[in-house]
Structures are given as C-alpha cells and as structure tokens.
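# Overview (structure and organization)
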Amino acid sequence: MAHSTHPGAAARRRRWPLAVGAAIGGCALFATSTAPAAAHGAAPGRHTRYVSLGDSYTSGPVIPRQVDAACARSDHNYPSLVAAERQVAAFKDVSCGGARTDDMWKAQGTNAPQLDAVRRDTDLVTVQIGGNDIGFGSIIAVCAHLSSQDPTGDPCRRSYSSSGIDRLTLAIAETAPKVDRVLRAVHARAPHARVLVVGYPDLLPDDGGGCYPSVPFASKDFPYLRDTEKRLNLMLRLVAEWNRADYVDTYGPTRGHDMCKAPADRWIEPLQPASPAAPAHPNALGEEAMARAVLERLSEGRGRH
C-alpha cells in the first residue's frame, strides 16, 4: 500500500487533516447536488468489474430479497441496481450492516475483510462508510432517550457539547483519516479503478423542522442532527476529492423524502418502519434514489465535482 514519497505529496498528506477539520468545524454546512444525468449508452459497463464496499445504508437491511442474513444484504440495494443497469461483467457486493472503516481489513462475522474483494482487475468501486465510525446507532439512541426530558429544547446537542467541544464534530474529524486510509487501500489494490465515495441520504427534514413523537427527537435537536449529517457528508466529499475519488451526493436527491414524511412520500423509514427497511434506514425507494445518484455520477467524466 505504498504511496508517493515525493516531498510535495508528503507535505500535502500532512496538511489535509487540518483542512478537513477546519471545514467541518466551521459553518460550511451544505450538501452538493449532482448535475442532470447524461443518457446511459447501451451496456455501458459490459466490461466493468464492479465491487461494492459499505455499511447498512449500502447493504439494505430488511429490504426484499435478503441474500445474506449475516450482513443484512438485499439484492435490491443500490449497488445491485447499479450493476444491473450498467450490465457489468462482474459484480461483488461485500457491504455489511454495522460495518466500520476497520472492517475493510478484518472479518465481520462470516463476511471476509471487505477489501479482499478489490483486485487488480477491479475497475469500479463504490464506498459508503463512516456512519458507524461516528456512532449513528448510539446517536439515535441517546437523542431519543434525552428527548423526553425536554421535548421542545435541545437536550441532545447540550449533552454532546457538555465539555465545551461538540463530540460529534470531533468524531467526524477523527473519522476523516480512517476514510482516507480506506481510499488509499482501494487505490493500491485496484490502481486503475474508478472509485466513488457515496454520501448519506437526507434522514431528517432539511428545513430543520421536526416530527416528535413519531421521530422521538426534541424539536431543537432536529436541526442539530441535520447539521451533523451534513458535516459528515462534507467530510466524505473532501476526503474523496483528496484521494482522486468521485463523491456521490445522495442527500440532495433524497431531500424532502426524510423519515418525517408520510409513508407514501418517505424514502427513509422512521424508528418504527412502515415499509420493509431497518429503522432510520432507506427503504426500497431510498435505495433506488441512491442508485440513480450513482448512475448519474457514473455518466459524468472523472474528476467532475
């Protein structure tokens, strides 16, 4: 996994965590939108060997048809839809529910280290990782528990900021070098592959509104948690660009279909799902939306952001 030892490259490598930390710690909270897709040609990926890496937002837990119970993986998750649309020559989806960045190098239950699937002849890789590193599950549990203490306030934000430093912003900054390491490993194993880093979809109302108690967060914690997700996505975009990977915005295309919307309109299920999906995860429509975002990004040339 060696990389360039050129002094300039080394200096840039040392500086990048400072740049990422400054960006996510400031007020630059936004989610970029992808450009309209160009028409997909006939069998655009007929020679492509595609590997999908990721966590439960990639694997699609509960969405029919589940093809790997240990990893809660669906054959209608976004990588499977992308592979079918692109008519790829070979497809390996090793995404797994609960995956963290270190699961790229170690077995996760019966799932082998995810990076083992990336070979020298792999020419397309999608990566969606980082949510579990910052503690998506524990954040939801903590904020739901605290909401009953002050339903109209921001008890979750106060808890995570009680030391004077927002611990979730810090967790995102600490996750940046971990994602960087994953991307460098992918490039080392598949030096000619196009690599796409897939961001996380819109989980909560983008306008900062809430829907307590159907989503049991205190009203002023909704914008705090929204901004935390935007910081995570911004970090992923910056680390992707640093590593010559393309970032796929899934937040913009799913805006307005968050877990607070009515069942017919939402693509992210709330903590008590009405459609087959894990709590606070995309349903089948959400996976389809993420697939469209990946396909649109693939239809563009490399290096466009």
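Structure shown above.
These notes cover the structure that comes with them.

What counts as what
Residues numbered from 1 in each chain as written. Predicted model: local features only at pLDDT ≥ 70, side-chain atom pairs only at ≥ 80, totals over all residues. Heavy atoms only, no water. Disulfide = S-S within 2.5 Å. Helix = DSSP H or I, 4+ residues; strand = E, 2+ residues; numbered from the N terminus. Phe/Tyr/Trp six-rings, centres within 6.5 Å; stacked < 30°, edge-to-face > 60°. Lys NZ or Arg CZ within 6 Å of the ring centre and 35° of its normal. Buried < 20%, exposed > 50% of the residue type's maximum accessible area, 1.4 Å probe, protein only. Pairing = 2+ DSSP bridges. Axes fitted to C-alpha atoms, helices over the stretch in contact; angles between N-to-C directions. Parallel < 35°, antiparallel > 145°, perpendicular 65-115°, else oblique. Left-handed = near helix turned anticlockwise from the far one by under 90°. Contact = heavy atoms within 4.5 Å. Right-handed = clockwise from strand over helix to strand, strands pointing away. Expected span 1.5 Å × (residues − 1). Bend = angle between axes of the 7 residues up to and from the residue. 1 Å grid on protein atoms, 1.4 Å probe; cavity = no way out; pocket = protein on both sides within 12 Å on 5 of 7 lines; lining within 4 Å. Points joined across faces, edges and corners; volume = space filled by probe spheres on them. Nonpolar A, V, L, I, M, F, W, Y, C, P; charged D, E, K, R; others polar.

## Here we look at the state of the cysteines
- For the structure on display, the rule yields 3 disulfides.
- A sulfur-sulfur separation of 1.9 Å characterises the disulfide bridge that pairs Cys143 with Cys156. Taken together, the residues span a long stretch of sequence, with Cys143 in helix 5 (residues 136-147) and Cys156 in helix 6 (residues 155-160) at a distance of 13 residues.
- The disulfide partner of Cys211 is Cys260, and the S-S distance across this bridge is 2.0 Å.

## Things to note about the packing of aromatic side chains
- Under the criterion given, the structure shown has 5 aromatic pairs.
- Taken together through their ring pairs, the aromatic side chains of Tyr57, Phe136 and Tyr200 make up a single cluster.
- Of note, Arg181 hangs over the ring of Trp105, and the distance from its end group to the ring centre comes to 3.8 Å.

## Digging into the pairing of strand 5 (residues 124-128)
- The element strand 5 is largely enclosed, with a buried count of 5 among its 5 residues.
- Burial of the side chains of strand 5 extends over both faces: Leu124, Thr126 and Gln128 are buried on one face and Val125 and Val127 on the other.
- Here strand 1 (residues 49-54) runs beside strand 5; their pairing, made up of 5 bridges, is parallel. Looking at strand 5, one finds that Ser52 is bridged to Thr126.

## Brief notes about the packing of helix 7 (residues 167-189) against helix 8 (residues 221-242)
- In contact at an axis separation of 9 Å, helix 7 and helix 8 are set at 25° when each is read in the N-to-C sense. Taken as axis vectors, helix 7 and helix 8 run roughly parallel relative to one another. Judged by the twist between their axes, the crossing of helix 7 over helix 8 is right-handed. Contacts between helix 7 and helix 8 involve Leu168, Thr169, Ile172, Thr175, Ala176, Val179, Asp180 and Leu183 on the former and, on the latter, Tyr224, Thr228, Arg231, Leu232, Met235, Leu236, Val239, Ala240 and Trp242.

## Here's the deal with the pairing of strand 6 (residues 194-198)
- For strand 6, the tally of buried residues reaches 5 of 5 residues, placing the bulk of the element in the interior.
- Taking every second residue as pointing to the same face, both faces of strand 6 are buried, with Arg194, Leu196 and Val198 on one and Val195 and Val197 on the other.
- Looking at chain direction, strand 6 and strand 7 (residues 246-248) are connected through 3 bridges and run parallel. Opposite Leu196, over in strand 7, you have Asp246 as the bridge partner.
- Once you follow strand 6 into helix 8 and on to strand 7, the crossover reads as right-handed.

## Structural notes on helix 7
- Compared with an ideal rise of 1.5 Å per residue, which puts 23 residues at 33 Å, helix 7 spans 34 Å between its outermost C-alpha atoms and is within 8% of the ideal.
- Roughly 25° is the biggest bend found in helix 7, and it falls at Thr175, with proline Pro177 one to four residues downstream.

## Brief notes about empty space enclosed by the protein
- Considering all chains together, one arrives at 2 cavities of 30 Å³ or more under this definition.
- The calculated volume of the largest cavity comes to roughly 200 Å³.
- Looking at the largest cavity, it is lined by 14 residues, and the ones nearest its centre are Phe136, Ile139, Ile140, Leu203 and Leu225.
- Mapped by element, the contributors of at least two residues to the lining of the largest cavity are helix 5 and helix 8.
- Taken together, the residues of the lining of the largest cavity sort by class into 11 nonpolar, 1 polar and 2 charged.

## With respect to the sheet that holds strand 4 (residues 90-93)
- With parallel pairing, the 5 strands of this open sheet are ordered in space as 4-1-5-6-7. The strands lining the two open edges of the sheet, one partner per strand, are strand 4 and strand 7. Between one strand and the next, the sheet's axes are offset by a mean angle of 20°, whatever the strand orientation.
- Its contacts with the sheet place helix 7 against strand 1, strand 5 and strand 6, and it is angled at close to 160° to strand 6.
- The strands that helix 10 (residues 284-299) touches are strand 5, strand 6 and strand 7; relative to strand 6, the one it contacts most, it runs at about 145°.

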